Amino acid sequence: MPALQNRTQAYLRMFLSVGIACCALYLLMQNSGVLTVCSGVCLFLFAMVLLEESFKILSSGVLDVFLDKVADKNWKSFIFGFSLTTLVQSSGLVSIIAVSFLSAGLITLASGVAMILGVNLSTALTTWIVGYFGLKAKISMYSMPFIIFGVILYLNRHKRAKGFGMFLLSLGLLFLGLAWMKDGFEVFKSTIDISQYGMPGMKGLLLYTAIGFGITAITQSSHATLTMAVAALSVGQIGYENSIGISIGASLGSTVITCISSLNANIEGKKIAATHVFFKVLCGIITIVFINQYLWAIDEIAPVLGIAPDDSVYKLAIFTTLFNVTGVVLLLPLIKQLCYCLNRFMKSKNNDSETEHAKFLSEDAIAFSHSAIETLTKETKRLMKNTSNIICRMIYIKPEDVDTDESVSKVIPQRNDLPEENFQNLYQKHFKAIYSDVIDYAVRASAAQKDAKYTTQFMDIRRANLFMAAALKDVEQVSVNMTKYGFSTNEYIKAEYSHIRRNLLRMLRLIQTMCNTVDHEEIARLKLELDKNKNKFDAISSNSLDSLIRNRLITDAMATSIMNDNALSRSIAKNLRHAAEIITKSQEIDA
């Protein structure tokens, strides 16, 4: 019976969907104007998707490297956000890039905030571009060459040529979609005059702001909403003041896209989303409160720019510029204070009892090879620190001992406390989940790339994580005898395990120094030091152990344990050296 009910419900849903689709098709066919407008909107949205995809193809391995170079100064980040949004005509895409890169730790919070301000200022250009190219010229004619050459290049097998072809095709479809929207509103006007439903005053402003917000939330494109508003305004289907309301609503609606993209981001990515929302809400409130002053300013500016008093399209363009410039002027000088507030009021809810997960990995960064490598390197470096901390606790020293310069001979005698948690708890909480996230991310990022160079790097990072996992498995075995003999009343076996603890601490200090340096000569020196330290875990050739066995100062069980644990410690040192070498190599490539 349950299976029959499920099948019946599925059929009902299918018939209902088909019925709704048929009704919608019938209604659209009854009015060619509505059909043309809807087709134009759909074509415009599809062109935006193509534009974003072409951008990812053309910028793969380039954008993230370039961003790394320009993100060192706030003004550079601001110009970068402005220029990139102007190029791709997608504030949502660039906002997502900012969220993902900050989540991955590739840019600072201040740079991310500056980038978002540049993104918002660039959206003002949309109305100017649409108003000039889309409505003052026969743009459908310009779209044809782009579509023709775009399709020809898209059929090319070369990846870059295909990406450039997709870029040209998307521009052609954008122009064509805009032309259809304009033509549709012209036809629509002959049957129904929407302008008669216009509402003046504050009520009209708030109503059309809500309409603009709703359209943007549904289409996920403030550019599409603005384009529709400009097209409708150009043929008199909506009034000038009502179009301003739609413009405000489109700006507020764009926050939905950024908020959705930040759902899977870490706290740093959410700070960027909060900045974007704060910017739009602040500008929206100021604009609505001082709408009369804005309208006066537009009337004053228009003649200076040579714009006719009745040219509503260009006056709307002036408004969108003032809307965004207001926010930029207010917030750009206050980036430092804004970052302070974000850091103070938006904090991650860390709980020591919770399992640690990857902190820097971002789904959006997978599309950019260099960024994916850099985020994986950062996460692997973080996992190396966690590995070091677990080892410290398992050999009864504090993680802080790795960071000090105090002699290991003085540190070890002071550390005799048992760890508060056993190995499995530490492994599950501070290693396993991050390790799984890194391996899964590396596999998926590698599958998304076709360049053999990046594939090799992804494989190396996976190997580094495997080396750390192997090292921890050896530590688990060492800790058993460390607990049994490390604090034994037999001073001889206790001294042997103290020797292991000293050498492991030296090794961890060398590993940490190696992971934090990019100097080639220093890295080479540290490798030699690590090899020398690794050779100290050779119990078989140890004269002191031979003497202890010969003189019966330790039992056979103790001798076997110390030889096994020296071999395991040697394996730990070897695995961590290999992992550190891969990390430093990846850091050199990123630099």
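Residues numbered from 1 in each chain as written. Predicted model: local features only at pLDDT ≥ 70, side-chain atom pairs only at ≥ 80, totals over all residues. Heavy atoms only, no water.

### Some remarks on the overall build of the chain
Looking only at helices and strands, one finds 24 helices and 0 strands in the chain. Counting contacts in the chain only where the partners sit at least 6 residues apart, residues at least 24 apart contribute 79% of the total. Total accessible area computed for the chain in this model is approximately 28,100 Å², and 62% of it derives from carbon and sulfur atoms. (Helix = DSSP H or I, 4+ residues; strand = E, 2+ residues; numbered from the N terminus. Contact = heavy atoms within 4.5 Å. Areas by Shrake-Rupley, 256 points an atom, 1.4 Å probe, with all protein chains shown as cover.)

### Quick look at empty space enclosed by the protein
Over the atoms rolls a probe the size of a water molecule, and its path tells where empty space is left. For the structure shown, the criterion picks out 2 cavities of 30 Å³ or more. Of the voids in this model, the largest cavity is the one considered here, and its volume is about 90 Å³. Along the wall of the largest cavity there are 14 residues; nearest its centre are Thr-123, Leu-226, Ser-251, Lys-280 and Asn-324. If you list the elements that add at least two residues to the lining of the largest cavity, you get helix 11 (222-234), helix 12 (240-261), helix 13 (267-289) and helix 15 (312-331). In terms of residues, the lining of the largest cavity owes the most to one element, helix 12, which gives 4 residues. A per-class count over the lining of the largest cavity returns 4 nonpolar, 9 polar and 1 charged. (1 Å grid on protein atoms, 1.4 Å probe; cavity = no way out; pocket = protein on both sides within 12 Å on 5 of 7 lines; lining within 4 Å. Points joined across faces, edges and corners; volume = space filled by probe spheres on them. Nonpolar A, V, L, I, M, F, W, Y, C, P; charged D, E, K, R; others polar.)

### Here we look at the packing of aromatic side chains
Tallied over the entire structure, the rule returns 7 aromatic pairs. Considering the side-chain rings of Phe-319 and Phe-323, the 6.1 Å spacing of their centres and the 50° angle between planes classify their relative orientation as tilted. Linking Phe-319 with Phe-323, this pair stays in helix 15, spanning 4 residues, or about one helical turn. Neither Phe-319 nor Phe-323 differs from the other in exposure class; each is buried. (Phe/Tyr/Trp six-rings, centres within 6.5 Å; stacked < 30°, edge-to-face > 60°. Buried < 20%, exposed > 50% of the residue type's maximum accessible area, 1.4 Å probe, protein only.)

### Let's talk about unusual backbone geometry
A negative phi angle characterises most non-glycine residues, just as the trans form characterises most peptide bonds. With a phi close to 65°, Tyr-396 is a non-glycine residue in the positive phi region. Inspection of the secondary structure assignment puts Tyr-396 in the loop between helix 17 (369-394) and helix 18 (408-414).

### Notes on the packing of helix 21 (residues 491-515) against helix 22 (residues 520-534)
The interhelical angle for the contact between helix 21 and helix 22, taken along N-to-C directions, is 165°, at an axis separation of 10 Å. With respect to their mutual orientation, helix 21 and helix 22 come out roughly antiparallel. Along this stretch, helix 21 crosses helix 22, giving a crossing that reads as left-handed. For the pair helix 21 and helix 22, the contacting residues are Asn-503, Arg-506, Met-507, Leu-510, Ile-511, Thr-513 and Met-514 in the first and Glu-522, Ile-523, Leu-526, Lys-527, Glu-529, Leu-530 and Asn-533 in the second. The residue inventory of the contact of helix 21 with helix 22, partitioned by class, reads 7 nonpolar, 3 polar and 4 charged. (Axes fitted to C-alpha atoms, helices over the stretch in contact; angles between N-to-C directions. Parallel < 35°, antiparallel > 145°, perpendicular 65-115°, else oblique. Left-handed = near helix turned anticlockwise from the far one by under 90°.)

### With respect to a nonpolar patch on the surface
Residues Met-141, Met-144, Ile-148, Phe-149 and Ile-152 make up a contiguous nonpolar surface patch of about 530 Å² in total accessible area. Mapped onto the elements of the fold, Ile-152 is located in helix 8 (residues 139-154). The exposure class of Ile-152 is exposed, given its relative accessible area of 51%. (Patch = residues over 30% accessible without salt bridge, like charges linked within 9 Å, V, L, I, M, F, W, Y side chains within 5 Å. Salt bridge = Lys/Arg side-chain N within 4 Å of Asp/Glu carboxyl O.)

### Digging into helix 14 (residues 291-304)
Given a rise of 1.5 Å per residue, 14 residues ought to cover 20 Å, and the 20 Å separating the end C-alpha atoms of helix 14 matches this to within 8%. Three or more residues of helix 14 are buried, namely Ile-291, Tyr-294, Leu-295, Ala-297, Ile-298 and Ala-302. Buried positions in helix 14, seen along its axis, are confined to an arc of 160° and lie on one side of it. For helix 14, the exposed residues lying more than 90 degrees away from the buried face are Asn-292, Trp-296, Pro-303 and Val-304. Looking one or two residues past helix 14, Gly-306 carries a phi angle of roughly 75°, positive in sign. (Expected span 1.5 Å × (residues − 1). Arc of directions from axis to C-beta.)

### Re the pattern of salt bridges
A side chain of one charge can pair with a side chain of the opposite charge when the charged atoms of the two come close. Under the defined criterion, the tally for this structure stands at 13 salt bridges. When the shortest N-O distance is used, the salt bridge between Lys-585 and Asp-460 registers 3.9 Å. Of this pair, Lys-585 sits in helix 24 (residues 556-590) while Asp-460 sits in helix 20 (residues 452-485), and the two are 125 residues apart along the sequence. Classification of Asp-460 by relative accessible area gives buried; the value is 13%. Lys-532 is paired through a salt bridge with Glu-529; the nearest N and O atoms lie 4.0 Å apart. One end of the pair, Lys-532, and the other, Glu-529, are both in helix 22, 3 residues apart, so they sit about a helical turn from each other. Through salt bridges with shared partners, one network takes in Lys-527, Asp-531, Arg-577 and Glu-581.

### Quick word on the nonpolar core
Judged by nonpolar contacts, the single largest core of 71 residues is most densely connected at Met-384, Phe-431, Met-507, Ile-572 and Leu-576. Of all the elements in the fold, those that place two or more residues in this core are helix 17, helix 18, helix 19 (423-447), helix 20, helix 21, helix 22, helix 23 (543-550) and helix 24. Sort the elements by how many residues they give to this core and helix 20 lands first, with 13 residues. Beyond its immediate stretch of four places on either side in the chain, Met-384 contacts Met-468, Ile-511, Cys-515, Leu-576, Ala-579, Ala-580 and Ile-583. Ranked by size, the runner-up nonpolar core spans 53 residues in total, among them Leu-109, Ile-246, Cys-283 and Ile-288. (Core = buried A, V, L, I, M, F, W, Y, C linked by side-chain atoms within 4.5 Å.)

### Quick notes on the side chain of Asn-465
As for its placement among the helices and strands, Asn-465 is situated in helix 20. Judged by its relative accessible area of 0%, Asn-465 is buried. A distance of 2.7 Å separates a polar atom in the side chain of Asn-465 from the backbone oxygen of Ile-461. When residues no more than four places from it in sequence are discounted, the contact partners of Asn-465 are Thr-380, Leu-383, Phe-431, Tyr-435, Val-438 and Ile-439. (Polar contact = N/O pair within 3.5 Å; in protein donor to acceptor, adjacent residues only side chain to side chain.)

### With respect to the side chain of Thr-209
Tracing the backbone through its elements, the reader meets Thr-209 in helix 10 (residues 201-219). In this structure Thr-209 comes out as buried when scored by relative accessible area, which is 8%. Engagement of the side chain of Thr-209 in a polar contact is seen with the backbone oxygen of Leu-205, the distance being 2.6 Å. With sequence-adjacent residues up to four places away left out, Thr-209 is seen in contact with Gly-245, Ile-246, Ile-248, Gly-249 and Leu-252.

### Comments concerning the environment of Ala-470
Tracing the backbone through its elements, the reader meets Ala-470 in helix 20. Distance in space between the C-alpha atoms of Ala-470 and Ile-572 is 7.7 Å, their sequence separation being 102 residues.

### Notes on the confidence of the model for the chain
Looking at the chain as a whole, its pLDDT mean stands at 79, while 79% of the residues score no less than 70. Of all helices and strands in the chain, the one with the weakest mean pLDDT is helix 3 (residues 63-70) (60), whereas helix 14 scores best (90). (pLDDT = per-residue confidence, 0-100.)

### Examining the environment of Gly-239
Positionally, Gly-239 belongs in the loop between helix 11 and helix 12. Exposure remark for Gly-239: the relative accessible area of 30% places this residue in the partly exposed category. The sequence separation of Gly-239 and Ala-229 amounts to 10 residues, and the corresponding C-alpha distance is 9.8 Å.

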